[in-house]
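Spelled out, the chains give:
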Amino acid sequence: MLGGGALALAGCGSGAHATAAESSLERADLAAVARALGAQETSVRSEVLATKAAWPLVIDGLPADIHKLPRTAIRSATERAALLRLPALFEEKQAASLTGPATSLAGTFRAYYLLAVRGWRLISAAIEQAEHGSAAAARFARANVALYIESIYDAHFGLAQIGKQMPIDYQRLGGASAFGTSLTPAAVNALATSYSEANDRLYRHASVRLGS
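Now for a description of the structure that goes with this document. (Residues numbered from 1 in each chain as written. Predicted model: local features only at pLDDT ≥ 70, side-chain atom pairs only at ≥ 80, totals over all residues. Heavy atoms only, no water.)

**Let's talk about the overall build of the protein**
Right, on to step 1. Check the secondary structure of the protein and you find 10 helices and zero strands.
Right, on to step 2. Reading the secondary structure of the protein in the N-to-C direction produces α-α-α-α-α-α-α-α-α-α.
Right, on to step 3. Per-residue burial for the protein yields a buried fraction of 47% across its 212 residues.
Right, on to step 4. Sequence separation of at least 24 residues holds for 82% of the intrachain contacts in the protein that already meet a minimum separation of 6.
Right, on to step 5. Accessible surface, the protein: about 10,000 Å² in total, of which carbon and sulfur atoms supply 59%. (Helix = DSSP H or I, 4+ residues; strand = E, 2+ residues; numbered from the N terminus. Buried < 20%, exposed > 50% of the residue type's maximum accessible area, 1.4 Å probe, protein only. Contact = heavy atoms within 4.5 Å. Areas by Shrake-Rupley, 256 points an atom, 1.4 Å probe, with all protein chains shown as cover.)

Right, dumping it as structure tokens:
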């Protein structure tokens, strides 16, 4: 999975042989990423709630009669996703300077952002083509909508792993005694609760297949 692959890189560059300066930089980067994640919590929660409301409507693909598909929840999910913002620190160019576990956490959030925003935009476009497009456009939309639906699932699967990984990285880099006031256990626990499988993962997995 995309999120799992990104998190598999957690801790790269850190380890038993890291110098004091390297470890200090990794802690500073993790604290900066934690602050950025905290600043995004409100908009992420809004997007996740809207996605969970719309997910049952698209999980099996587009209905044969597109006019029977309720639009309000899908429109809301698309709009809430469009309101998401990628922190400057998580942009590809700036994230390249991050060290240690902060690198993969930033990458996982960036993947969530890109997949959620594009996924819902393309699902909405596919619905529009299925309803109002030419016969060829409608066939193309139905044949490819599974890709967009899967991207929504992957986005939220990855998002849910952030809170699981954060406490592991925090302890690996020395925990409360090493971070001091720059990143407290309370702040880590709050992020672990917010970015969690209970809050963010989608159930069940999409059953629609490409070309169906």
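**Looking at helix H4 (residues 72-82)**
Right, on to step 1. The set of residues buried in H4 consists of Ile-74, Ala-77, Thr-78 and Ala-81. When H4 is viewed along its axis, its buried side chains cluster within an angular range of 95° and face the same direction.
Right, on to step 2. On its buried face, H4 sits against helix H3 (41-58) and helix H6 (101-132). (Arc of directions from axis to C-beta.)

**Topic: the packing of helix H2 (residues 20-39) against helix H7 (residues 135-172)**
Between two packed helices, the angle of one axis relative to the other and the distance separating the axes together describe the packing.
Right, on to step 1. Interhelical geometry of H2 versus H7 gives an angle of 150° and a closest axis separation of 12 Å. By the angle between their directions, the pair H2 and H7 is classed as roughly antiparallel. Crossing of H2 against H7: the hand is left-handed. Each of Leu-30, Ala-34 and Leu-37 in H2 lies in contact with H7, whose residues at this interface are Ile-162, Met-166, Asp-169 and Tyr-170.
Right, on to step 2. Along the lines of polarity and charge, the residues of the contact of H2 with H7 split into six nonpolar, no polar and one charged. (Axes fitted to C-alpha atoms, helices over the stretch in contact; angles between N-to-C directions. Parallel < 35°, antiparallel > 145°, perpendicular 65-115°, else oblique. Left-handed = near helix turned anticlockwise from the far one by under 90°. Nonpolar A, V, L, I, M, F, W, Y, C, P; charged D, E, K, R; others polar.)

**So, the nonpolar core**
Right, on to step 1. Ranked by internal contacts, the top residues of the largest apolar core, which has 33 residues, are Leu-37 and Phe-109.
Right, on to step 2. Residue assignment for this core shows that the elements contributing at least two residues are H2, H3, H6, H7 and helix H9 (185-194).
Right, on to step 3. In terms of residue count, the dominant contributor to this core is H6 (nine residues).
Right, on to step 4. Setting aside residues no more than four positions away along its own chain, Phe-109 makes contact with Leu-37, Gln-40, Val-44, Arg-85, Leu-86, Pro-87, Phe-90, Leu-159, Ile-162 and Tyr-195.
Right, on to step 5. The next biggest cluster of nonpolar side chains, apart from the first, holds 24 residues, and it includes Ile-59, Ile-127, Ala-141 and Val-145. (Core = buried A, V, L, I, M, F, W, Y, C linked by side-chain atoms within 4.5 Å.)

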